[in-house]
Amino acid sequence: MKRILIVANRLPVNVKIVNDEIVFHQSAGGLATGLNSLEVDYEKHWIGWPGIYPEKQEHKEKIQEALEQTLTHPVFLSEKEVLHYYEGFSNKTIWPLFHYFLEYTQYKREFWEEYKSVNQAFCEEVVKIARPDDIIWVHDYHLMLLPQLLREKLPHTQIGFFLHIPFPSYELIRTLPWRKQLLEGLLGADLVGFHTFEYLRHFTSAISRILNLEPKLGRVYNENRIVQLDAFPMGIDYGKFNDASEQPEVKGLVRSFRENFGKGKIILSVDRLDYTKGILQRLWAFDRLLKEHPSYKGQISLLLLVVPSRYNVDNYKALKDEIDKTVGNINGKYTNLTWTPIYYLYRSVHFEQLAAMYYNADVALVTPLRDGMNLVAKEFVASKKNEKGVLILSEMAGSAVELCDAICINPNDLDSIVRALHEALQMPEEDQKERMGVMQKIIRKQSIQKWAKDFIAVLENSYLRQLRNEEKEVCDTVKQKIKDDYKSSQKRLILLDYDGTLVPYIESPQKASPDRDLLQMLNDIGSKAGSSCVILSGRDRGNLQKWFDGSKVQIVAEYGSWFREDQQWTQTCELSDEWKEEILPYMQEFVDKTPGSFIEEKSHSLGWHYRKSDAWLSNLRVQEFMNALIYPCTKLNLEIIEGNKIIEIRVGGISKDEAIEKWLHKDNWDFIMAIGDDQTDEDMFKLLPEKAYSIKVGFGATNARYNLSSSQEVREILQQLHE
Ligand code: GDG
């Protein structure tokens, strides 16, 4: 049976040692429910911290043994590890930063070191358990380095990652000293999932700015691997909440609840204790509502359920004190002998009580300052069997994307919360039902079951795509075949692009000169009897002549307008450069408004380089550039060519094609190999005979037969030819 390994910081199980005995019970959270519903029968394993620190080895072994019977595998952590990795880096660095609380974010090296080593410990545990065809699904911000660590150990295993919290804007993530490592960690996965497209957009922007990658259409090529990026809004077990009010225990609780509250309307607030949830803002707004609309006194109550959480973190203690004080102040101000404005519960309640609260509440006040998704909002909607009730929802919660029929508020705008409360309390039943009906339809469909299924289906697809990609990779067998064919042939033609193929891209194109070893190797290949080694480049011929002076390589320069054969330069066509005068001022304008960009002037072309410019800005400028230049270029019969971080404008009608055709027909070659990395090389691949070795440097759609990842690998292939 196929297996799925779910890796998360905490196991879905509570473990205790009572009188030397191990006591544990499974807590069936949303995730477990979702995964249980996967149609294909997977054997589900959980890997995570069991939440206790057994002192005795004997206890550890007992826990391990007991848990493994339920396919649950504990990762034991020490108190110091939990202090720095969980309370530290996870909850004092990533959590505040990713929720836009820069002022609470601590950048401490000792936290980071522990985070790395605990991720490593998780990796070792997973590697012990994993089999080659397992699916590994890593969850949340505690384990952002794990996908990459696993990828190094298990290069061919399917790995997915889902982030349950927001992914913040680049402006936030850039402040983190370890931003690069975290992003690289995530890109070890085949699929990285987020709750919303907004978070996906932020992630895409971060990897393009910080890692200089170019994500397109929800995919990014990271060296030799394709990583799929997508949004999967997490849902809830709709049926469980929708049917709850029919359970006898819940029915009883609903009744006694109502008796207590009488006819007064109930406003419900449910959260873990967390500064991101906007609990204080909610209390201030409630206070203001009573002040501005005194007629609500005695008519409404706020049922405030705050579930203890992360109490060891200072900010949380301070928040708890502040909530206590504020509730005390409001109750002290308004309570009378027959009415209490706020019922405050600081504890967790069992499911039936929660379901009764959802069912009885007239209004749910969900006002997080930031929230990845917020399942409470969805649970409230699902629980409304009779469709009566109003949801007030913060636009900063991921769930606001789907729950458009809630009353949306900005949690920092207390007036908007007060207005929303007033509107909700006055809303006619008919309107309530209409809005609730629409929202129920949405969340019934986008359930936790669908979320898990969708994620796994996309993960499996991305994995298949990766396998197809790997099939095209120049593996050792292909390398050997190239070598054997080369050695056994008499007439060999080798066509090589220069930038990005023989040398990597660097910020300044003038500095990308060939080193001694490369020159020697190309010269050796070009000197062999019966062999021709041709460099095809868009570069200026003067530049290429200087670098390859005296070398036995042949050169096609400036996209085919010049070629050098046996040291003699020939111009393929007589070209005028008068057009440059007209085009240069346009280009200069773009240089001025795009810091880091510059113009390279060649004999018959002009290149606008923007490798050093900000990725987002250059993206915008490229579009503007195209728009601005399309008309003058058409008029002057010029071509605009988009290369790798460069746009070139050149006289129409010149291309590498003619030069390639010329070389292809020059002799009766029995070995042809062409290597290139950019769009202009795609034409070259198309012109080659079927049996030729065509190789694209980099991954992505190509006309080439093979792919390889870097110019370093190109060198290795060339090296073996001249050995
Ligand atoms: C993180 C992200 C994202 C609460 N009190 C009790 C109780 N709960 C349950 C609720 C709900 C869950 O806890 C809370 O989920 P949220 O989504 O609202 O918030 P976080 O805990 O912060 O979760 C969040 C989520 O991950 C999923 O990806 O939505 O944005 O921050 O299910 O029902 N359940 C019971 N008693 C309680 O007292 N039984």
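Residues numbered from 1 in each chain as written. Predicted model: local features only at pLDDT ≥ 70, side-chain atom pairs only at ≥ 80, totals over all residues. Heavy atoms only, no water.

Caption draft 1: How the structure looks around the sheet that holds strand S26 (residues 671-676). Spatially, eight strands are ordered S21-S20-S19-S18-S17-S26-S27-S28 in an open sheet, and the strand pairing comes out mixed. If you trace the sheet from one side to the other, it starts and ends with strand S21 (568-571) and strand S28 (706-708), each paired once. Looking at each pair of strands side by side, their axes are set apart by 20° on average, direction ignored. Of the strand pairs in this sheet, strand S19 (residues 554-557) and strand S20 (residues 562-565) are connected by three bridges, and their pairing is antiparallel. Note that in S20 the partner of Ile555 across the bridge is Arg564. Along the sheet, helix H19 (residues 516-527) contacts strand S17 (492-497) and strand S18 (531-536); its crossing angle with S18, the most-contacted strand, is approximately 135°. The sheet strands contacting helix H25 (residues 711-721) are S17, S26, strand S27 (693-697) and S28, and the helix crosses S26 at an angle near 160°. (Pairing = 2+ DSSP bridges. Helix = DSSP H or I, 4+ residues; strand = E, 2+ residues; numbered from the N terminus. Axes fitted to C-alpha atoms, helices over the stretch in contact; angles between N-to-C directions. Contact = heavy atoms within 4.5 Å.)

Caption draft 2: Seen up close, the site of the ligand. Looking at the ligand, there are 21 residues lining it, with His164, Val349, Asp371, Leu375 and Glu379 nearest. Within the side chain of Arg272, a nitrogen or oxygen atom sits 2.9 Å from an oxygen atom of the ligand. Backbone polar atom of Asn374 to an oxygen atom of the ligand: 2.9 Å apart, as the coordinates give it. When isolated, the ligand has an accessible area of 730 Å², and the protein chains bury 79% of it. Only strand S11 (265-272), strand S12 (300-307), helix H13 (351-360) and helix H14 (375-383) provide two or more residues apiece to the shell around the ligand. Counting the residues that make up the shell around the ligand, at least three belong to each of domain 1 (30-45 + 75-231) and domain 2 (238-446). (Near = heavy atom within 4 Å. Polar contact = N/O pair within 3.5 Å; in protein donor to acceptor, adjacent residues only side chain to side chain. Areas by Shrake-Rupley, 256 points an atom, 1.4 Å probe, with all protein chains shown as cover. Domains from an automatic or database assignment.)

Caption draft 3: Local environment of the packing of aromatic side chains. As enumerated under the stated definition, the model contains 34 aromatic pairs in all. Ring geometry for Trp49 and Tyr53: centres 5.7 Å apart, planes at 45°, overall tilted. Ring geometry for Trp137 and Trp451: centres 5.1 Å apart, planes at 35°, overall tilted. Of this pair, Trp137 sits in strand S6 (residues 135-139) while Trp451 sits in helix H17 (residues 448-471); the two residues are 314 residues apart in sequence, bridging distant segments of the chain. (Phe/Tyr/Trp six-rings, centres within 6.5 Å; stacked < 30°, edge-to-face > 60°.)

Caption draft 4: Summary view of the pattern of salt bridges. Applying the stated criterion across every chain yields a total of 40 salt bridges. Between Asp667 and Lys491 there is a salt bridge whose closest N-O contact spans 3.6 Å. Highlighted residues: Asp667 in the loop between helix H23 (656-664) and S26 and Lys491 in the loop between helix H18 (476-488) and S17, separated in sequence by 176 residues. Residue classification places Lys491 among the partly exposed residues on the basis of a relative accessible area of 32%. Between Lys635 and Glu582 there is a salt bridge, and its shortest N-O distance comes to 2.7 Å. Here the residue Lys635 occupies a position in helix H22 (residues 615-635), and Glu582 occupies one in helix H21 (residues 579-593), the gap between them amounting to 53 residues. The exposure class of Lys635 is partly exposed, given its relative accessible area of 48%. The exposure class assigned to Glu582 is partly exposed, which follows from its relative accessible area of 35%. Beyond isolated ion pairs, a larger network of salt bridges with shared partners links Arg109, Glu113 and Lys116. (Salt bridge = Lys/Arg side-chain N within 4 Å of Asp/Glu carboxyl O. Buried < 20%, exposed > 50% of the residue type's maximum accessible area, 1.4 Å probe, protein only.)

Caption draft 5: A look at a negative patch on the surface. Taken together, the side chains of Glu58, Glu61, Glu65 and Glu68 make up a negatively charged region of the molecular surface. Within the element layout of this structure, Glu65 appears in helix H2 (residues 57-68). On the basis of relative accessible area, Glu65 is assigned to the exposed category, the value being 57%. (Patch = residues over 30% accessible without salt bridge, like charges linked within 9 Å, V, L, I, M, F, W, Y side chains within 5 Å. Lys, Arg positive; Asp, Glu negative; His and termini not counted. Charge placed at Lys NZ, Arg CZ, Asp CG, Glu CD.)

Caption draft 6: Representation of H2 in the model. An ideal rise of 1.5 Å per residue puts 16 Å on twelve residues; H2 measures up with 16 Å between its terminal C-alpha atoms. Every buried residue of H2 is listed here: His59, Ile63 and Leu67. Angularly, the buried residues of H2 cover 60° about the axis, an arc narrow enough to put them on a single face. (Expected span 1.5 Å × (residues − 1). Arc of directions from axis to C-beta.)

Caption draft 7: Spotlight on helix H4 (residues 109-129). Helix length check: H4 (21 residues) gives 31 Å between terminal C-alpha atoms against 30 Å at 1.5 Å per residue, within 8%. Those residues of H4 that sit buried are Phe111, Trp112, Glu114, Tyr115, Val118, Asn119, Phe122, Cys123, Glu125, Val126 and Ile129.

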